[in-house]
Amino acid sequence: MSNQTCSERSESIRVRFAPSPTGHLHIGNVRTALFNYLFAKKHNGNFILRIEDTDFDRVKREYEESILEDLKWLGLIWDEGPDCGGNYRPYRQSERLNIYKELADKLLKEGKAYKCFCSPEELEKKRKESLSKGLPPRYDGKCCNLSREEIVSYEQKGIKPSTRFKVENGLIEFEDIVRGKITFNCSDIGDFVILRSDGISAYNFAASVDDVLMKITHVIRGEDHLSNTPRQILLNQAMGFDSPHFAHLSMILGPDKSRLSKRHGAESVTELREEGYLPEAVINYLSLLGWSSEDGREIMPLNDIIKNFSIERVSKSPAVFDIKKLKWINSHYIKNKDIAELTELSIPFLKKAGVRTETVERQWLYKVIDAIKDNIETLSDINKYAGIFFDEIITPSSQSSPIRGEGQGEGAAEVLKLFKEMIERENDITEDIADKIILGIKEKTNLKGKKLMMPIRIALTGKTEGPELKKIMNILGKERIIKRVNNVIS
Ligand code: GLU
């Protein structure tokens, strides 16, 4: 239990995030994790991580590891979970199979569930027939009333049965915290499998059993699970358990209103991380997907989000993922980050851009990052600027040549000639000296604005935009400035 990723909290509110490790953490799922976390922290409750890994064909341990790593990266630290334990362990469903089996057997004994010997092929055929008639594809109850002899005969043939839960007719009603009163007609549900023929619990059964045994008070999850809720309530009723409260969050869609996918900019937290988003920016942005602070603030660190969060203010309309807004929030956090920390975070991105960061001094690197931090939206944008500072010389493309490029010709040669002379007269190009040099050229040539700055900027960086010129000059230093100017003049 005493593990750095987990901390002990008081009882009362208990929520869980229950990912299935069949892929990397999806942005929709992490918003669910975040809202659970915010609700728990706001009420001084517990945030539990449960791994739903009973779909053995699709589950992979590496995905579980990646999910845990992404949650830690975001700072969504759980109080109980598979790595740190807790009073209700184990927290991996694959380690709880005997619990489900025991409870399913109890339901069988009580006549609330029955053995079903229908083959997957038979069920699929019936499902298709129902669909083709426009009927809901629900189980027809074939095995509900098998005689003792029929059961024995199936068993003698070696057919392994699944366990099916009997759904009685009636209505199921519950109050959803986000969506209000919800009603389901049980006749639309049909008897459903709780233990598959291989003896492994199906999702609805394992989830409802765990929510109760782990004393979960509030189930906060995506709207895609809404239709599972009546099944889970029915199971709880049959087992004599009270159900937790439910809150179903709306889906996150792309701007074209389709399900969020890679083509909307990103799909998983892993992608955001690799792209160079800061965790605090991702958290801040995701908190605004379906929730807003009463005071209208948008930029908020996690502690303020916790303080202001209220589940009652969560909207039931779908949230739209807007990568531009995420970038805007990310650039805010980049600009305001401590420069030493930002530099450390930037190093992997510089390396990816081919920079041998170990060969340069840290202090100099701080200056580089400080110069470009206002121009980047994600850390991978560093790639665009790495060449400016790390390459020996720059070769501007013919359109952006400071001398022949469009609109730059007039006076550019004169600007660069003067610039070079003035640089040669100095030893140390501080930012003040850089300002003084530019002012000097302005006075001598009577040129200003783009006509004055662009030839110098292009000669030094090969680009028409970028960090402040005086910062670039200071970082490059005399020798490299002269080399670059000579390169374009020649
Ligand atoms: N394992 C389910 C999923 O990943 C979670 C279901 C739930 O929250 O009840 O979608």
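Residues numbered from 1 in each chain as written. Predicted model: local features only at pLDDT ≥ 70, side-chain atom pairs only at ≥ 80, totals over all residues. Heavy atoms only, no water.

Draft legend 1. Structural detail: the nonpolar core. Formed by 100 residues in total, the largest nonpolar core has its most connected members in L71, F389, F419 and M473. Those residues in contact with M473 that lie beyond four places of it in its chain are F419, I423, I429, A434, I438, L460 and I481. Among the nonpolar cores identified, the runner-up in size contains 31 residues, and L103, I182, I189 and L226 belong to it. (Core = buried A, V, L, I, M, F, W, Y, C linked by side-chain atoms within 4.5 Å. Buried < 20%, exposed > 50% of the residue type's maximum accessible area, 1.4 Å probe, protein only. Contact = heavy atoms within 4.5 Å.)

Draft legend 2. Just the site of the ligand, in detail. R16, A18, P19, S20, E52, Y203, R221 and H225 make up every residue found near the ligand. Contact distances for the ligand include 2.7 Å between an oxygen atom and a side-chain N or O atom of R16. Protein contact buries 84% of the 300 Å² of open area that the ligand shows by itself. Put simply, the ligand lies in the largest pocket. Partitioned by chemical class, the residues of the shell around the ligand number 3 nonpolar, 2 polar and 3 charged. (Near = heavy atom within 4 Å. Polar contact = N/O pair within 3.5 Å; in protein donor to acceptor, adjacent residues only side chain to side chain. Areas by Shrake-Rupley, 256 points an atom, 1.4 Å probe, with all protein chains shown as cover. 1 Å grid on protein atoms, 1.4 Å probe; cavity = no way out; pocket = protein on both sides within 12 Å on 5 of 7 lines; lining within 4 Å. Sits in = over half its atoms within 2 Å of the grid points. Nonpolar A, V, L, I, M, F, W, Y, C, P; charged D, E, K, R; others polar.)

Draft legend 3. Inspection of the environment of I306 at higher detail. With respect to the helices and strands, I306 occurs in helix 10 (residues 302-308). Each C-alpha atom, one on I306 and one on H43, is 9.3 Å from the other, the two residues being 263 residues apart in sequence. Setting aside residues no more than four positions away along its own chain, I306 makes contact with Y37, L38, K41 and K42. (Helix = DSSP H or I, 4+ residues; strand = E, 2+ residues; numbered from the N terminus.)

Draft legend 4. View of helix 6 (residues 203-213). Among the 11 residues that make up helix 6, 9 are buried, leaving the element largely enclosed by the rest of the structure. Looking at helix 6, one finds that the buried residues are N204, F205, A206, A207, S208, V209, D210, D211 and V212. Elements in contact with the buried residues of helix 6: strand 1 (14-17), helix 3 (97-109), strand 7 (192-195), strand 8 (218-222) and helix 7 (228-239). Looking one or two residues beyond helix 6, the residue adopting positive phi is K215, at roughly 55 degrees.

Draft legend 5. Up close: the pattern of salt bridges. For the coordinates displayed, the defined rule picks out 43 salt bridges. Its salt-bridge partner being K41, residue D79 comes within 3.3 Å of it at the nearest N-O pair. With a gap of 38 residues between them, D79 in the loop between helix 2 (61-74) and helix 3 and K41 in helix 1 (residues 27-42) connect regions that are remote in the sequence. Of the two residues, D79 and K41, both sit in the buried class. We note a salt bridge from E155 to K115, for which the minimum N-O separation is 3.2 Å. Within this pair, whereas E155 is found in helix 5 (residues 148-156), its partner K115 is found in strand 3 (residues 113-116), the two being separated by 40 residues in sequence. (Salt bridge = Lys/Arg side-chain N within 4 Å of Asp/Glu carboxyl O.)

Draft legend 6. Structural context of unusual backbone geometry. Cis geometry marks the peptide bond from R89 to P90, where omega comes out at 0 degrees. Take P90: it is sitting in the loop between helix 2 and helix 3. Residues other than glycine seldom take positive phi values, yet K257 does so here, at roughly 70 degrees. Along the chain, K257 falls in the loop between strand 10 (252-253) and helix 8 (269-275). Judged by relative accessible area, which is 55%, K257 ranks as exposed. At N446, a position not held by glycine, the phi torsion is positive, near 65 degrees. Judged by its relative accessible area of 70%, N446 is exposed.

Draft legend 7. Molecular detail of the sheet that holds strand 4 (residues 162-165). Here we have 3 strands laid out as an open sheet, ordered 3-4-7, and antiparallel in their pairing. Sheet topology places strand 3 and strand 7 at the edges, where each strand pairs with a single neighbour. Shown here is a sheet whose adjacent strand axes are inclined to one another by a mean of 45 degrees, direction ignored. Bridge analysis of strand 4 against strand 7 gives 3 bridges, and the strand direction is antiparallel. Paired with T163 across the two strands is L195, which belongs to strand 7. (Pairing = 2+ DSSP bridges. Axes fitted to C-alpha atoms, helices over the stretch in contact; angles between N-to-C directions.)

Draft legend 8. View of the layout of surface pockets. Of the pockets and cavities examined, the largest pocket occupies roughly 950 Å³. As for the largest pocket, its lining consists of 37 residues, and the residues nearest its centre are P19, S20, N29, D224 and H225. For the lining of the largest pocket, the elements supplying multiple residues, two or more each, are strand 1, helix 1 and strand 8. Sort the elements by how many residues they give to the lining of the largest pocket and helix 1 lands first, with 5 residues. Here the residues of the lining of the largest pocket are counted per class, giving 10 nonpolar, 15 polar and 12 charged. (Points joined across faces, edges and corners; volume = space filled by probe spheres on them.)

Draft legend 9. Layout of the packing of helix 13 (residues 362-372) against helix 18 (residues 469-489). Here helix 13 crosses helix 18 at 135 degrees, and the two axes come no closer than 8 Å. The angle between the axes of helix 13 and helix 18 places the two elements in the oblique class. Side by side, helix 13 and helix 18 meet where W364, K367, V368, D370 and A371 of the first sit next to K471, N474, I475 and R480 of the second. Broken down by class, the residue content of the contact of helix 13 with helix 18 amounts to 4 nonpolar, 1 polar and 4 charged. (Parallel < 35°, antiparallel > 145°, perpendicular 65-115°, else oblique.)

Draft legend 10. Layout of the packing of aromatic side chains. Within this structure, the stated rule accounts for 8 aromatic pairs. Between W364 and F390, the ring centres sit 5.4 Å apart and the planes meet at 85 degrees, which makes this aromatic pair edge-to-face. Linking W364 in helix 13 with F390 in helix 14 (residues 382-390), this pair joins segments that are 26 residues apart in sequence. For W364, a relative accessible area of 19% puts it in the buried group. Here the basic side chain of R164 rests over the ring of Y139, its NZ or CZ set 3.6 Å away from the ring centre. Looking at R231, its charged tip hangs above the ring of F192, at a distance of 5.9 Å from the centre. (Phe/Tyr/Trp six-rings, centres within 6.5 Å; stacked < 30°, edge-to-face > 60°. Lys NZ or Arg CZ within 6 Å of the ring centre and 35° of its normal.)

Draft legend 11. Broad picture of the side chain of S130. Tracing the sequence through the fold places S130 in helix 4 (residues 120-132). Apart from residues lying up to four places away in sequence, S130 is in contact with L135, P136 and P137.

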